[in-house]
Amino acid sequence: MKEIAKGSFVLGYKGELIPEKEALKREKSQTGPHSYMYYIRFRNRKLCIDATVESGHLGRLVNHGRSPNLTSKVIEVDKKPRLCFFAAVNISLDEELTINYGDYRPLAIKTFPWLTSDSASEPEGQRPIKGITKICNGMSI
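Residues numbered from 1 in each chain as written. Predicted model: local features only at pLDDT ≥ 70, side-chain atom pairs only at ≥ 80, totals over all residues. Heavy atoms only, no water.

- The chain is annotated in an unreviewed UniProt entry as SET domain-containing protein from Megalurothrips usitatus.

## Focus: the sheet that holds strand 3 (residues 16–19)
Backbone hydrogen bonds hold the strands of a sheet together, and the pairing may be parallel or antiparallel.
Right, so step 1: If you walk across this open sheet you meet the three strands as 3-5-4, and the pairing is antiparallel. Strands with a single pairing partner mark the edges of an open sheet, and in this sheet they are strand 3 and strand 4 (37–42). The sheet shows a mean angle of 35° between the axes of neighbouring strands, taken without regard to direction.
Right, so step 2: Helix 1 (residues 20–28) rests against strand 3, strand 4 and strand 5 (45–50) of the sheet, and its axis sits at about 100° to strand 3. (Pairing = 2+ DSSP bridges. Helix = DSSP H or I, 4+ residues; strand = E, 2+ residues; numbered from the N terminus. Axes fitted to C-alpha atoms, helices over the stretch in contact; angles between N-to-C directions. Contact = heavy atoms within 4.5 Å.)

## Things to note about the environment of Lys14
Right, so step 1: Checked against the element boundaries, Lys14 lands in the loop between strand 2 (9–13) and strand 3.
Right, so step 2: Exposure remark for Lys14: the relative accessible area of 35% places this residue in the partly exposed category.
Right, so step 3: Sequence spacing of Lys14 and Cys84 is 70 residues, and the spatial spacing of their C-alpha atoms is 9.0 Å. (Buried < 20%, exposed > 50% of the residue type's maximum accessible area, 1.4 Å probe, protein only.)

## Structural notes on the confidence of the model for the chain
Right, so step 1: Looking at the chain, pLDDT values average 78 and 70% of them are 70 or higher.
Right, so step 2: Mean pLDDT across the elements of the chain bottoms out in helix 3 (residues 133–136) (35) and peaks in strand 3 (96).
Right, so step 3: Every residue in residues 119–141 scores below 50 in pLDDT, and together they form 58 contacts with partners more than four places removed in sequence or on other chains. (pLDDT = per-residue confidence, 0-100.)

## Description of the pairing of strand 5
Right, so step 1: Sheet topology note: the strand 3/strand 5 ladder contains four bridges and is antiparallel. Looking across to strand 5, one finds that Glu16 is bridged to Asp50.
Right, so step 2: Note that strand 4 and strand 5 share six bridges and pair antiparallel. Bridge pairing links Tyr39 to Cys48 in strand 5.
Right, so step 3: Once strand 4 ends, the chain turns through two residues before running back antiparallel as strand 5, passing Arg43 with a positive phi of about 50°.

## Comments concerning the side chain of Glu27
Right, so step 1: For Glu27, the position within the fold is in helix 1.
Right, so step 2: In this structure the side chain of Glu27 is engaged in a polar contact, spanning 3.4 Å, whose partner is the side chain of Tyr39. (Polar contact = N/O pair within 3.5 Å; in protein donor to acceptor, adjacent residues only side chain to side chain.)

## Considering unusual backbone geometry
Glycine aside, a negative phi is what most residues show, and trans is what most peptide bonds show.
Right, so step 1: In this structure, Arg43 is a non-glycine residue whose phi angle is positive, near 50°.
Right, so step 2: Along the chain, Arg43 falls in the loop between strand 4 and strand 5.
Right, so step 3: Looking at Arg43, the relative accessible area reads 53%, which means it is exposed.
Right, so step 4: One non-glycine residue, Asp78, adopts positive backbone phi at about 50°.
Right, so step 5: In this fold, Asp78 is placed in the loop between strand 7 (70–77) and strand 8 (80–87).

Shown next as structure tokens:
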């Protein structure tokens, strides 16, 4: 495989599914420069997938980018939401995978000012995920 084709499933974002109210409570007590909470809408409810706990699933490590090469979509499986990342463009194996977190709430920007920066990803020290297809080869991890 030379690249990930546009529209292809790349990986899933897995974690604890919690109501938005609980997520906001957890967020307020959070420390450090990273967040692993992904807010979604499912069946007209606001929910959050909290991937804070280290699980080995790589979706939680995809960095924010203002010009992302991934897009997210909530898919229903067994009456539960699953957050999936798909290639928004053709992606080469050595290219960093990025998604636009789309979180521009004042609390999020105050805590994570890099959300509004022009840089492609999080602050230094955050290791980008490259060549992920060598690991997942299109499978959900």
